[in-house]
Amino acid sequence: MPSPKKILPPSSPEAERRLAYFTGRRDQLISTIRDLVEIESPSDNKAAVDCVSAAVAQKFAALGGALKVHPAKDFGNHLQVDFAGKSAGKPVLLLGHYDTVYPLGTLATMPCRIVGDKMTGPGVLDMKSGIALMLHSIAALKDWHDELPRPVTVLLVSDEEVGSDSSRAITEALARKAAAVLVIEPSYGLEGAVKTARKGVGEYQVKVNGKASHAGLDFQKGVNAIVELAGQIEKITAFTDLKRGLTVNVGIINGGSRTNVVPAQAAAQVDVRIARLKDAAGIDKKMRSLRPFNRKCRLEVTGGINRPPMERTSGVAALYAKAVAIARDLGWKLGEAAVGGGSDGNFTAGLGIPTLDGLGGVGDGAHAAHEHILISELPRRAALLAGLIEAAGM
Ligand SMILES: [Zn+2]
């Protein structure tokens, strides 16, 4: 829970009215979240994700949004919803995803439940509560102004948790047309900070081909791929440069078949994180320039940087400043965080479009059995999002 010091009374009658509006609709917000959490939607199950997509589409259509389904073959369909606004001009893009990391059946052991201030369930924080916040803040703006003050585009994708391969082009195309991008992924920490920087992410595989032989009879005829890989792992690990925010993690290794065989194959999978786009080419070159220590081995390096970092550009900082002002008016101090994990906000920020991430629910345990949101934070988050939709990119 935010420390009491950070929560003050709203500083204007309008802010007070807005908080009271969403506090009065807390039960509807909870019921929307429950509807979505109770439709399980693991990224790798198209039928399941299409099911949650249809439910979400129906809710946006009821608010008067124009639906556009982007069919995907191997993943669930992606959903675009366009709302017209009073003013012309570029829309603000609300970005998120409805896939989760939890396999079908998780609800049985991780039910959607309310205990005290906590609401639990698979994907409740990441990011089905975020989708509910989008729905309710748009509904509120329509309620307050009759029509939306500006055009709004919503994009919800089906494959964010597995790298966004099938949705990336759609996200980038819509971002290019937008004045600003608001990513409704979970906020950071129990104080609900927004995310103004995210690291870029790369993945590499390093494969070593040696030569098998009998460890007893023909030891010297063998070329040990594991020994070669061990040397490469040391070299790769030394690419880490903490001062630059560049990390290289050898996360998975495999190789060999039996103890009495000189191993012919070994491989490592490597996670690379970069804080700055200008470091992408350098680390990529280092990975691709790996050469075998033992000339009798062959090395194969595949992979690359697949998400650029979201850097705290002046556009990002300006959007954050607007969010801080709205939150201050609502009576709290909104913090910011730089995080190591990527989201689709990395793509939009990478194009230079002002992007603010972490505008979704407040809670803990994303991707874990104790995933939950704090119900008492919902009215504040909805009021913040509504305010930002009005102000972003204006
Ligand atoms: Zn997420």
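Above: the structure in question.
In what follows, the accompanying structure is described. What you see is a predicted model, and the numbers here were worked out from it, not measured in a lab.

Moving on to the sheet that holds strand 11 (residues 247-255). Across the sheet, which stays open at both edges, the four strands sit in the order 11-13-9-14 with antiparallel pairing between neighbours. Strands at the two margins of the open sheet, each flanked by one partner only, are strand 11 and strand 14 (298-307). Pairwise comparison of adjacent strand axes, ignoring direction, gives a mean angle of 15° for this sheet.

Here we come to the packing of aromatic side chains. One pass over the full model with this rule turns up four aromatic pairs. With centroids separated by 5.2 Å and ring planes inclined at 75°, the aromatic side chains of Y21 and W144 adopt a geometry described as edge-to-face. You can see Y21 sitting in helix 1 (residues 13-24) and its partner W144 sitting in helix 5 (residues 124-145), a full 123 residues away along the chain. Ring plane angle 70° and centroid distance 5.7 Å describe the contact between F22 and W144, whose orientation is recorded as edge-to-face. Remark: W144 occurs in helix 5 and F22 occurs in helix 1; sequence separation between them is 122 residues. Owing to a relative accessible area of 1%, F22 belongs among the buried residues under this scheme. An aromatic cluster of at least three residues, connected via ring pairs, comprises Y21, F22 and W144. We note R17 situated over the ring of W144; from NZ or CZ to the ring centre the distance is 5.4 Å. The residue whose ring lies beneath R25 is Y21, and the NZ or CZ to ring-centre distance is 3.6 Å.

Glancing now at the nonpolar core. Counting residues in each nonpolar core, the largest one holds 66 residues, and the members touching the most others are F60, I138, V154 and L182. In terms of residues, this core owes the most to one element, helix 5, which gives twelve residues.

Within the protein, the zinc ion binds to H97 (NE2), D126 (OD) and E185 (OE); these donor distances fall in the range 1.9 to 2.1 Å. All donors to the zinc ion come from one chain, and their sequence spacing reads H-x28-D-x58-E. Of this pair, H97 sits in strand 3 (residues 92-97) while E185 sits in the loop between strand 7 (180-183) and strand 8 (194-198), and the two are 88 residues apart along the sequence. The pair formed by H97 and E185 is uniform in burial state, with each residue classed as buried.

On to the packing of helix 2 (residues 26-37) against helix 5. Contact geometry of helix 2 with helix 5 gives a least axis separation of 9 Å together with a crossing angle of 130°. Considering the angle they form, helix 2 stands oblique to helix 5. In terms of crossing hand, the pair formed by helix 2 and helix 5 is right-handed. Listed contacts from helix 5 to Q28, L29, T32, I33, L36 and V37 of helix 2 are V124, K128, S129, I131, A132, L133, L135 and H136. Here the residues of the contact of helix 2 with helix 5 are counted per class, giving nine nonpolar, four polar and one charged.

Calculation rules
- Residues numbered from 1 in each chain as written.
- Predicted model: local features only at pLDDT ≥ 70, side-chain atom pairs only at ≥ 80, totals over all residues.
- Heavy atoms only, no water.
- Pairing = 2+ DSSP bridges.
- Helix = DSSP H or I, 4+ residues; strand = E, 2+ residues; numbered from the N terminus.
- Axes fitted to C-alpha atoms, helices over the stretch in contact; angles between N-to-C directions.
- Phe/Tyr/Trp six-rings, centres within 6.5 Å; stacked < 30°, edge-to-face > 60°.
- Buried < 20%, exposed > 50% of the residue type's maximum accessible area, 1.4 Å probe, protein only.
- Lys NZ or Arg CZ within 6 Å of the ring centre and 35° of its normal.
- Core = buried A, V, L, I, M, F, W, Y, C linked by side-chain atoms within 4.5 Å.
- Donors = N, O, S within 2.8 Å, 3.2 Å for Na, K, Ca; no water.
- Parallel < 35°, antiparallel > 145°, perpendicular 65-115°, else oblique.
- Left-handed = near helix turned anticlockwise from the far one by under 90°.
- Contact = heavy atoms within 4.5 Å.
- Nonpolar A, V, L, I, M, F, W, Y, C, P; charged D, E, K, R; others polar.

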